[in-house]
Amino acid sequence: MLDLAFIRSNPDIVKEAARVKNNSLDIDALLALDQQVITLQKEVEEARARQNQLSKQIQQAAKEKNTELRTSLIADGKQLAETIKEKEPLLNRLVDERYNLLLLVPNIPDPSVPVGKDESENVPFKYWGEPTTFDFPALDHYDLMQKWNLVDIERAVKVAGSRSYVLKGDAARLELALINFAMDKMAKKGFTPLIVPSMARDFAFIGNGQFPKGRDQVYEVKDQELFLVGTAEVSITGMYKDEILKYEELPLKFVGYSPCFRQEAGTYGKDTRGVFRIHQFNKVEQYIMCQADHQESLYWFEQLLSNAEELIQALELPYRVINVCTGDMGDGKVGMYDIECWIPSEGRYRETHSCSYLHDWQARRANIRYRDEDGKVKFVHTLNNTAIASPRILIPLLETHQQADGRIRIPEALRPYLGGQEYIG
Ligand SMILES: Nc1ncnc2c1ncn2[C@@H]1O[C@H](COS(=O)(=O)NC(=O)[C@@H](N)CO)[C@@H](O)[C@H]1O
């Protein structure tokens, strides 16, 4: 959410942000509604002030035994009370309506963000490692997993329907190794490990930005006022709702693990083979709350990116980093880099990590503030990036490290988490 004062004084900037983000919100309609609220607010306040004045005059008239004046003042008071009774519910309804529209206002993308309509206009700007080639017939991740009995999709689908999977044997151990590896690495960098709830109340989704717009992607726990998170980011934002932190506490650095659940509405028929796009997965999430300063946010944005790069390099996976364009970045972001790992069987890079900074767009929605060194209360800035998301990361991992004899080499960095094991198969 943006500061209403900012929207009032910069309608064109906000309209341009909506345009480049394919956001259809009518900013003029929001501002017209805002004007209605301001006018009505003034009328109700003036009526209240008049009421206070009247009650003093009525007391005065009573003191002076001026019955005639007192009677007419009381009649005025009744008239005023009627006016307030009629205007107040309307004012409250319009304030709610305005709030619901404010939730749909996009953040302003940084000037460095490429303007584009969709992911085809994202801009790759960094490559690491050469795309893997093989001098033997290489298998894709699903064939590899079946070869080594690492997955059972049929039985998972029996239990949970489409886009489900069972990780078996070394794949199950590999996922846990990756999660521990990521948590350890991030903890060593001073990020506080968290294992957060995967069920959260609606205010956490509103605060994080998944509600109201992305509600169709979220599973609901029936009759419980609870929803399943698609990322630990939601739970962490919700944890700090309505709090006022001290600037000395900032930056808060979390590495949060949670099972993640996504309806993947609108992706019917896309990425249906294997475990690329599924309803439930596990993710280790980097999350930062820092002081409300653009340079501070940029610093942590770069830090979160390089943390993820370090992890991927340790897994020896070729990747590239792309600057996500306005049409693909979503409402809340100021800037967003995706990391895409090379998938040999597809002969292309595919997203495995997503790194964003949002200034105070989330913090304003979740009302997370801090008292700065001058004692001024401000909304914090928030940022997030994937550390590891599995099983998607298993796809480049298994494919890239398959050997001519069919076995899969385990990168050095993971071996301590697998009892020193060097190969799968
Ligand atoms: N449906 C899915 N199936 C498997 N993996 C997924 C799915 N959705 C997202 N992911 C993984 O989770 C990563 C982060 O998801 S994201 O929506 O892009 N971004 C976030 O959730 C942010 N909180 C940063 O992690 C993706 O890059 C991808 O690796």
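By convention here, each chain's residues receive numbers from 1 onward along its written sequence. Per-residue local features of the predicted model are confined to residues with pLDDT of at least 70, and side-chain atom pairs are confined, for both listing and counting, to 80 or more; whole-chain, interface and lining totals are unaffected and use all residues. Excluded from the side-chain calculations are hydrogens and water; all other atoms, namely the structure's heavy atoms, are used.

### Describing the domain arrangement of the chain
1) Next: What the domain assignment lists for the chain is domain 1 (4–103) and domain 2 (119–424).
2) Next: Segment limits for the domains were obtained from an automatic or database-derived domain assignment. Each of domain 1 and domain 2 has a C-alpha centre, and the two are 45 Å apart.
3) Next: With 6 residues of domain 1 at the contact, the number on the domain 2 side is 12 residues.
4) Next: Accessible-area loss on putting two parts together, using a 1.4 Å probe and summing over both, is the definition of buried area adopted here. With both chains or domains summed, domain 1 and domain 2 bury close to 680 Å², and 45% of this area falls on carbon and sulfur atoms.
5) Next: We define a salt bridge as a side-chain nitrogen of Lys or Arg found within 4 Å of a carboxyl oxygen belonging to Asp or Glu. Along the contact surface separating domain 1 from domain 2 lie 0 salt bridges.
6) Next: Counted as a polar contact is a pair of N or O atoms within 3.5 Å, where, for protein atoms, one must be capable of donating a hydrogen and the other of accepting one, and residues adjacent in sequence contribute only when both atoms are in side chains. At the boundary of domain 1 and domain 2, one finds 8 residue pairs in polar contact (both at pLDDT 80 or more).
7) Next: Here the side of domain 1 that touches domain 2 is composed, by residue class, of 3 nonpolar, 2 polar and 1 charged. Residue contacts are counted whenever heavy atoms from the two residues lie within 4.5 Å of one another. In this classification, the charged set is Asp, Glu, Lys and Arg, the nonpolar set is Ala, Val, Leu, Ile, Met, Phe, Trp, Tyr, Cys and Pro, and all remaining amino acids, among them Gly, are polar.

### A closer look at the nonpolar core
1) Next: Leu174, Leu178, Leu315 and Leu414 are the most contacted members of the largest nonpolar core, which has 60 residues in total.
2) Next: When residues of this core are assigned to their parent elements, the largest contribution, 9 residues, is made by helix α7 (residues 169–188).
3) Next: Those residues in contact with Leu414 that sit more than four places away from it in its chain are Leu174, Ala177, Leu178, Phe181, Leu315 and Leu397.
4) Next: Each nonpolar core is a collection of buried residues, namely Ala, Val, Leu, Ile, Met, Phe, Trp, Tyr and Cys, held together in the definition by side-chain atoms within 4.5 Å. Three exposure classes are used, based on accessible area relative to the maximum for each residue type with a 1.4 Å probe and protein chains only: buried under 20%, partly exposed in between, and exposed over 50%. By size, the runner-up hydrophobic cluster in this structure holds 16 residues, among which are Leu194, Ile236, Leu252 and Tyr287. In this text, helices come from DSSP runs of H or I with a minimum length of four residues, and strands from runs of E with a minimum of two, each type numbered from the N-terminal end.

### A few points about the pairing of strand β14 (residues 381–390)
1) Next: Across the 10 residues of β14, 10 count as buried, placing the element largely inside the fold.
2) Next: Two strands make a pair as long as DSSP finds a minimum of two bridges between them. Here strand β8 (residues 280–290) runs beside β14; their pairing, made up of 9 bridges, is antiparallel. Within β14, the position partnered with Tyr287 by the bridge is Asn384.
3) Next: Summarising the sheet, strand β11 (residues 348–357) and β14 pair through 3 bridges and their orientation is antiparallel. By the bridge assignment, Cys355 is partnered in β14 with Asn385.

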